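Chain by chain, the residues run as shown.
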Amino acid sequence: NAGVMQNPRHLVRRRGQEARLRCSPMKGHSHVYWYRQLPEEGLKFMVYLQKENIIDESGMPKERFSAEFPKEGPSILRIQQVVRGDSAAYFCASSPATSGKLFFGEGSRLTVL
Amino acid sequence: QKEVEQDPGPLSVPEGAIVSLNCTYSNSAFQYFMWYRQYSRKGPELLMYTYSSGNKEDGRFTAQVDKSSKYISLFIRDSQPSDSATYLCAMSEDDSNYQLIWGAGTKLIIKP
């Protein structure tokens with residue numbers, strides 16, 4: 001049973017470009033969460049999605065960031081017009097329900113030049 | 001002041017030692033407490049999950065919650081080099097996953 005799959009694992013973008021990060025949850029999981037992790041800092045919640053619905057995006061910056069979890073296919077975290085401060089590790093997690101164990105992917109590391 | 005405080009370390013101990021990792025918090029409404037282990041360049045993995053105060057044991061790991069002191073601990077007995085990782089505490093008021101508040105993590109190094 002494959003775990004949470006994230007790609008790309010590493011992404012380099014120049015300032016002003018777009019970054020798209022993808023997350024396929026574990027089989028049978030319909031709840032997806034995105035987190036950002038900066039060096040020496042804890043995980044910061046960004047957004048919580050279920051299929052075709054954004055449940056809570058209170059942790060996501062109002063501008064340039066968006067997320068979706070379509071009926072078919074992976075969840076996408078999209079960052080438009082990236083800036084150096086967007087450089088971080090972005091983790092996706094999934095769960096079979098609102099509560100219970102979170103399963104994390106290995107993360108996507110974004111570097112903005 | 002951060003809502004959850006965790007000493008970043010690194011904490012370096014010899015193999016076989018008992019390790020104590022700690023978090024303090026300020027929100028007295030937290031009731032659900034978790035410890036995650038994160039190896040370098042990997043995602044966090046849940047180790048222990050406790051509700052309210054008390055102890056929970058799982059193999060070499062013991063999680064302890066003291067709500068009166070707003071203090072949680074993770075003890076690792078007979079530590080192994082494979083325990084070398086960053087340990088993150090996380091907590092929430094209810095059992096909703098996305099309401100978790102995370103500590104910054106303590107880097108643990110077990111020397112052979």
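What you are looking at is a predicted structure, and each value in this text was computed from that prediction instead of being measured.

> I'd love a proper account of the packing of aromatic side chains, names of residues and values included.
Summed over all chains, the structure comprises 11 aromatic pairs over all chains. On the numbers, 5.7 Å between centres and 55 degrees between planes, the contact of Y25(B) with F30(B) is tilted. Judged on exposure class, the residue Y25(B) and its partner F30(B) are both buried. When the centroid spacing of 4.9 Å and the interplanar angle of 50 degrees are considered together, the rings of Y36(B) and W102(B) count as tilted. A residue pair is termed long-range when its members are at least 10 positions apart, and Y36(B) in strand β4 (residues 32-38) and W102(B) in strand β10 (residues 101-102) qualify at 66 residues. Assigned by exposure class, Y36(B) and W102(B) land together as buried. Taken together, Y35(A), F45(A), F104(A), Y36(B) and W102(B) form an aromatic cluster joined through their ring pairs.

> Tell me about the side chain of Q37(A), residues and numbers included.
With respect to the helices and strands, Q37(A) occurs in strand β4 (residues 31-37). The class for Q37(A) is buried, based on a relative accessible area of 13%. A distance of 3.2 Å separates the side chain of Q37(A) from the side chain of Q38(B), its partner in a polar contact. Contact partners of Q37(A), with chain neighbours within four places excluded, come to G42(A), L43(A), A88(A), A89(A), F91(A), Q38(B) and L88(B).

> Lay out a negative patch on the surface with the relevant residues and their values.
All names here are of chain B. Where like charges cluster on the molecular surface, the negative patch consists of E3, E93, D94 and D95. Along the chain, the position of E93 falls in the loop between β9 (85-92) and β10. Overall, the relative accessible area of 42% leaves E93 in the partly exposed class.

> Account for the environment of G73(A), with residues named and values stated.
With respect to the helices, strands and loops of the structure, G73(A) is situated in the loop between β7 (65-68) and β8 (75-79). With 19 residues separating them in the primary sequence, G73(A) and I54(A) have C-alpha atoms 15 Å apart.

> Describe the interface of chain A and chain B, naming the residues involved and giving the relevant values.
At the junction of the two partners, chain A supplies 23 residues and chain B supplies 17 residues. Interface of chain A and chain B: buried area, both sides summed, is about 1,700 Å²; carbon and sulfur atoms make up 55% of it. Contact with chain B buries surface across chain A, with L43(A), L102(A) and F104(A) losing the most and accounting together for 23% of the total. Inspection of the chain A/chain B interface yields 1 salt bridge. Put simply, K42(B) and E106(A) hold a salt bridge, and the shortest N to O gap is 3.0 Å. At the surface where chain A touches chain B, the tally comes to 3 residue pairs in polar contact (both at pLDDT 80 or more). Looking at the side of chain A that touches chain B, the elements that each hand over two or more residues are β4, β5 (43-50) and β9 (88-95) of chain A. Residue classes in the side of chain A that touches chain B are distributed as 9 nonpolar, 7 polar and 7 charged.

> Describe the environment of R13(A), and please don't skip the residues or the numbers.
Residues and elements named next belong to chain A. Secondary-structure assignment places R13 in strand β2 (residues 10-13). Overall, the relative accessible area of 26% leaves R13 in the partly exposed class. Separated by 99 residues in sequence, R13 and V112 place their C-alpha atoms 4.9 Å apart. When near neighbours in sequence (up to four residues on either side) are disregarded, R13 contacts E18, A19, V82, L110, T111, V112 and L113.

Calculation criteria
- Residues numbered from 1 in each chain as written.
- Chains lettered and ligands numbered in written order.
- Predicted model: local features only at pLDDT ≥ 70, side-chain atom pairs only at ≥ 80, totals over all residues.
- Heavy atoms only, no water.
- Phe/Tyr/Trp six-rings, centres within 6.5 Å; stacked < 30°, edge-to-face > 60°.
- Buried < 20%, exposed > 50% of the residue type's maximum accessible area, 1.4 Å probe, protein only.
- Helix = DSSP H or I, 4+ residues; strand = E, 2+ residues; numbered from the N terminus.
- Polar contact = N/O pair within 3.5 Å; in protein donor to acceptor, adjacent residues only side chain to side chain.
- Contact = heavy atoms within 4.5 Å.
- Patch = residues over 30% accessible without salt bridge, like charges linked within 9 Å, V, L, I, M, F, W, Y side chains within 5 Å.
- Areas by Shrake-Rupley, 256 points an atom, 1.4 Å probe, with all protein chains shown as cover.
- Salt bridge = Lys/Arg side-chain N within 4 Å of Asp/Glu carboxyl O.
- Lys, Arg positive; Asp, Glu negative; His and termini not counted.
- Charge placed at Lys NZ, Arg CZ, Asp CG, Glu CD.
- Buried area = accessible area lost by both parts, 1.4 Å probe.
- Nonpolar A, V, L, I, M, F, W, Y, C, P; charged D, E, K, R; others polar.

The values reported here are purely geometric and, on their own, carry no functional implication.
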